[in-house]
Amino acid sequence: MFDNIKSSERVLIMAPLGRDAALACDILSSNGFSCHVSTDIKDLVPEVHRGAGAILITEEALTPEAVDALNGVLDQQPDWSDLPVLVLCGKPERNKKQNIINALGPGKHISILERPTSASSLVAVLHSAIKSRQRQYQVRTLLGKLRSTAARLEESNKALQDFAHIASHDLQEPLRKIETFGNMLTARYGPVLGEQGRDYASRMQNAASRMRVLIKDLLDYARASTKGGTEGRVNLKKVVHDVLSDLEVRIAQTNARIEIGDLPEINADGVQMSQLFQNLISNALKFHGDTQPNIAIFSQGCPNGSCEIRVRDNGIGFNQEYSEQIFTPFQRLHGKSQYEGTGIGLAICRKIVERHGGTIRAESSPGNGATFIINLPVGEGEELLQHG
Ligand SMILES: Nc1ncnc2c1ncn2[C@@H]1O[C@H](COP(=O)(O)OP(=O)(O)OP(=O)(O)O)[C@@H](O)[C@H]1O
Ligand SMILES: [Mg+2]
């Protein structure tokens, strides 16, 4: 069987014996097409199944029996294949064109050519009809690729969810045992273990609690790529106020000054928006060095359906050359002894922002604070800037 699209240059001509078929065949052959001439519909149908780029048919050949058989074979074509049918007819009387189109059924790819037709217009109509069918084939191929990419993405999301499940249950259980038996060992046999033994046990317990934090962070990271809560209109100003109230103690301890500017209302997952600002504001509160933290969160408007939000601090900052590296999981620029953390916060921020179709980047220089710049689509609905 011919491949339907590879036989694009093959034209099936159906005409009762006469000059038309021979003439058309000559014209098409000298323009790079290959032709098959059928004198009746019984011969044409198997040829359509073998593959063709178009059918050229004379009006005389369109008997009621031929129309039925042609409709049958066109209906069996694959979804994407809008096989062009060119009908060669005499001077069309009123409604003739429409009658032919109606007879061949709605939704078919039919062109009517009036006799006498010049060679160039026959070739031009054929080329354009075949091209449009090829475009449909390409669209179908691209759609197929898109579908398989979406399926792969779904699979990898599923793998991530499975991992999250394994991490939360299977990994935490043995860890709990290490911690429990470590505690029992030091409580019951502490004196027998001696100083060095107790030191070993305490290092083991510290490693186990670090592992607990890592598992929790990995879980948060895995969850960030899957849907969190429900999507809807989210007032970012309210989100930031709620986050600040959660961070109340830390704000009081550091004596931080926080300024909230205009912030928009956007289409987003509210839970993930809270996570995003929680991570950024926590960092601004954490990496403040000796100076009192001065933090500003504001948006400079939402032109063209996308809003830019900035989270700026006056802290220790970092060299701009690390501005991408810090978004990688577990990448930190500052030692654990100086500033606590595992280095997952910004990786989660990037996942959340990208899940919402946006971007996040950082601008900084050592000693001059850092600014995190987020771009997020506003989504449907009215763009509202909430004034500070
Ligand atoms: N506002 C900031 N000022 C200076 N450095 C920053 C700032 N925010 C992030 N960094 C640097 O980027 C690194 C990665 O940040 P991230 O939030 O991912 O991790 P973390 O805060 O160290 O740990 P975690 O967020 O997991 O508790 C930080 O360790 C720090 O070196
Ligand atoms: Mg952080």
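Everything numeric in this text was worked out from a predicted model, so none of it was measured. (Residues numbered from 1 in each chain as written. Chains lettered and ligands numbered in written order. Predicted model: local features only at pLDDT ≥ 70, side-chain atom pairs only at ≥ 80, totals over all residues.)

Peer 1: Could you give an account of the pairing of strand β8 (residues 263-269), with specific residues and numbers?
Peer 2: The side chains of a regular strand alternate, residue by residue, between the two faces of the sheet. Counting buried positions along β8 gives five out of seven residues, so the element sits mostly inside the fold. Of the strand pairs in this sheet, strand β6 (residues 231-235) and β8 are connected by five bridges, and their pairing is antiparallel. Paired with Val234 across the bridge in β8 is Ile266. (Buried ≥ 20, exposed ≤ 12 C-beta atoms within 10 Å, placed from the backbone. Helix = DSSP H or I, 4+ residues; strand = E, 2+ residues; numbered from the N terminus. Pairing = 2+ DSSP bridges.)

Peer 1: Mind laying out unusual backbone geometry, listing which residues take part and the relevant values?
Peer 2: Cis geometry marks the peptide bond from Arg115 to Pro116, where omega comes out at -15°. Looking at the element boundaries, Pro116 is found in the loop between β5 (110-114) and α5 (119-224). Not every positive phi belongs to a glycine, and Asn255 is a case in point at roughly 55°. Among the residues examined, Asn255 registers 9 C-beta atoms within 10 Å and is labelled exposed. A positive phi is found at Phe330, a non-glycine position, where the angle reads about 65°. Relative to the helices and strands, Phe330 resides in the loop between β10 (306-312) and α9 (345-355).

Peer 1: Hey, could you go over the nonpolar core for me, with residue numbers and the actual values?
Peer 2: The biggest cluster of nonpolar side chains holds 38 residues, and the ones touching the most others in it are Leu236, Phe277, Leu280, Ile281 and Cys349. Elements supplying a minimum of two residues to this core: α6 (236-246), β8, α8 (270-286), β9 (294-299), β10, α9, β11 (359-364) and β12 (370-377). Setting aside chain neighbours within four positions, we find Ile281 in contact with Val243, Leu247, Ile295 and Val311. If you look at the next biggest cluster of nonpolar residues, it comprises 29 residues, including Ile13, Phe33, Leu126 and Ile130. (Core = buried A, V, L, I, M, F, W, Y, C linked by C-beta atoms within 7 Å. Contact = placed C-beta atoms within 7 Å.)

Peer 1: So what's going on with α5? Which residues, and what values?
Peer 2: With 106 residues, α5 should cover 158 Å at 1.5 Å per step; its first-to-last C-alpha distance of 63 Å lies more than 12% under that length. With six of 106 residues buried, α5 lies mostly on the surface of the structure. Within the span of α5, buried status applies to Leu126, Ala129, Ile130, Arg133, Ala222 and Ala224. Contacts from the buried residues of α5 go to β1 (10-14), β3 (54-58), β4 (85-89), β5, α8 and α9. (Expected span 1.5 Å × (residues − 1).)

Peer 1: Tell me about the sheet that holds β11, residues and numbers included.
Peer 2: In spatial order, the strands read β7-β9-β10-β12-β11; together these five strands make up an open sheet with mixed pairing. Pairing within the sheet leaves two strands with one partner each, and these edge strands are β7 (257-260) and β11. Taken pair by pair, the neighbouring strands of this sheet meet at an average axis angle of 10°, ignoring direction. Here six bridges tie β11 to β12, and the two strands are oriented antiparallel to one another. By the bridge assignment for β12, Glu363 is matched with Thr371. Across the sheet, α8 lies against β9, β10 and β12, angled at about 25° from β10, the strand it touches most. (Axes fitted to C-alpha atoms, helices over the stretch in contact; angles between N-to-C directions.)

Peer 1: Break down the sheet that holds β3 for me, citing the residues and quoting the values.
Peer 2: Judged by pairing direction, the sheet is parallel, and its five strands sit side by side in the order β2-β1-β3-β4-β5 without closing on themselves. A single partner strand is all that each edge strand has here, and the edge strands are β2 (34-38) and β5. Along the sheet, successive strands turn relative to each other by an average axial angle of 20°, direction set aside. In this sheet, β2 lies alongside β1 in parallel orientation, the contact comprising five bridges. Note on β2: the bridge partner recorded for Ile13 is Val37. Packing against the sheet, α5 makes contact with β1, β3, β4 and β5, and its axis sits at approximately 175° to β5.

Peer 1: Any details on the environment of Leu83? Residues and values, ideally.
Peer 2: On the secondary structure map, Leu83 appears in the loop between α3 (64-75) and β4. Spatially, the C-alpha atoms of Leu83 and Ala284 are 63 Å apart, while their sequence positions differ by 201 residues. Those residues within four positions of Leu83 in sequence are excluded, and the remaining contacts are Ala52, Ala54, Ile55, Leu74, Gln77, His109 and Arg133.

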